[in-house]
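If you want the building blocks of each chain, they are given just below.
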Amino acid sequence: MVEKTIELTGLSSTSIEEAVSLAVAHGGVFKDHRYRAKQIIQHHKYRLEEMRDIVHAKAQSAYEVASQVFDLKSELPIFHIFAATFETFAHLHLFMYNGEVRRLEDDGTIRFVV
């Protein structure tokens, strides 16, 4: 059997159906791509719920939410802190556009709350 190498930029790629094995940025090579895709989607849904729960209790900034969801530590490279914060910011804006949270601005700080 000849293995194919397919580079994926997202989970919606139809070319994944042709894959025999996949090598990804997070983890090793695996053969059951459908199972792995389901794992990633389920984990993403869990993280979204976690973010919503955090801003349900009180208004918080994207950094404050990311610090709780991703357990950010000061010794992490700044790139990881920025990536986690901006990913969280994008999710909070998605919630806002769906009418699930409100965005509050006070003295230059943006916070989100249910």
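Structure: see above.
Residues numbered from 1 in each chain as written. Predicted model: local features only at pLDDT ≥ 70, side-chain atom pairs only at ≥ 80, totals over all residues. Heavy atoms only, no water.

(A) Molecular detail of the overall build of the protein chain. Of regular secondary structure, the protein chain possesses three helices and four strands. Classification of the 114 residues of the protein chain by burial places 26% in the buried group. Long-range pairs, those at least 24 residues apart, make up 31% of the contacts in the protein chain between residues at least 6 apart in sequence. Only carbon and sulfur atoms are counted for the fraction: they give 56% of the accessible area of the protein chain, which is about 8200 Å². (Helix = DSSP H or I, 4+ residues; strand = E, 2+ residues; numbered from the N terminus. Buried < 20%, exposed > 50% of the residue type's maximum accessible area, 1.4 Å probe, protein only. Contact = heavy atoms within 4.5 Å. Areas by Shrake-Rupley, 256 points an atom, 1.4 Å probe, with all protein chains shown as cover.)

(B) Fine view of the packing of helix α1 (residues 33-57) against helix α2 (residues 62-69). Interaxial distance between α1 and α2 falls to 10 Å at its minimum, and their mutual angle equals 125°. It follows from the interaxial angle that α1 and α2 lie oblique. Remark: the crossing between α1 and α2 carries right-handed chirality. For the pair formed by α1 and α2, the contact residues are R47, E50, M51, I54 and V55 on the first element and V65, Q68 and V69 on the second. Considering only residue class, the contact of α1 with α2 consists of five nonpolar, one polar and two charged. (Axes fitted to C-alpha atoms, helices over the stretch in contact; angles between N-to-C directions. Parallel < 35°, antiparallel > 145°, perpendicular 65-115°, else oblique. Left-handed = near helix turned anticlockwise from the far one by under 90°. Nonpolar A, V, L, I, M, F, W, Y, C, P; charged D, E, K, R; others polar.)

(C) Inspection of the environment of S61 at higher detail. Turning to its location among the elements, S61 is positioned in the loop between α1 and α2. Each C-alpha atom of the pair S61 and L104 lies 9.3 Å from the other, and the pair is 43 residues apart in sequence. Excluding residues within four positions of it along the chain, S61 makes contact with I110 and R111.

(D) Focus on the pairing of strand β3 (residues 102-106). Examined bridge by bridge, β3 and strand β4 (residues 109-113) share five bridges and lie antiparallel to one another. Bridged to E105 within β4 is I110. Counting the residues between successive antiparallel strands, the hairpin from β3 to β4 contains two residues, one of them, D107, with a positive phi of roughly 55°. (Pairing = 2+ DSSP bridges.)

Without other data, these values stay purely geometric and don't point to any function.
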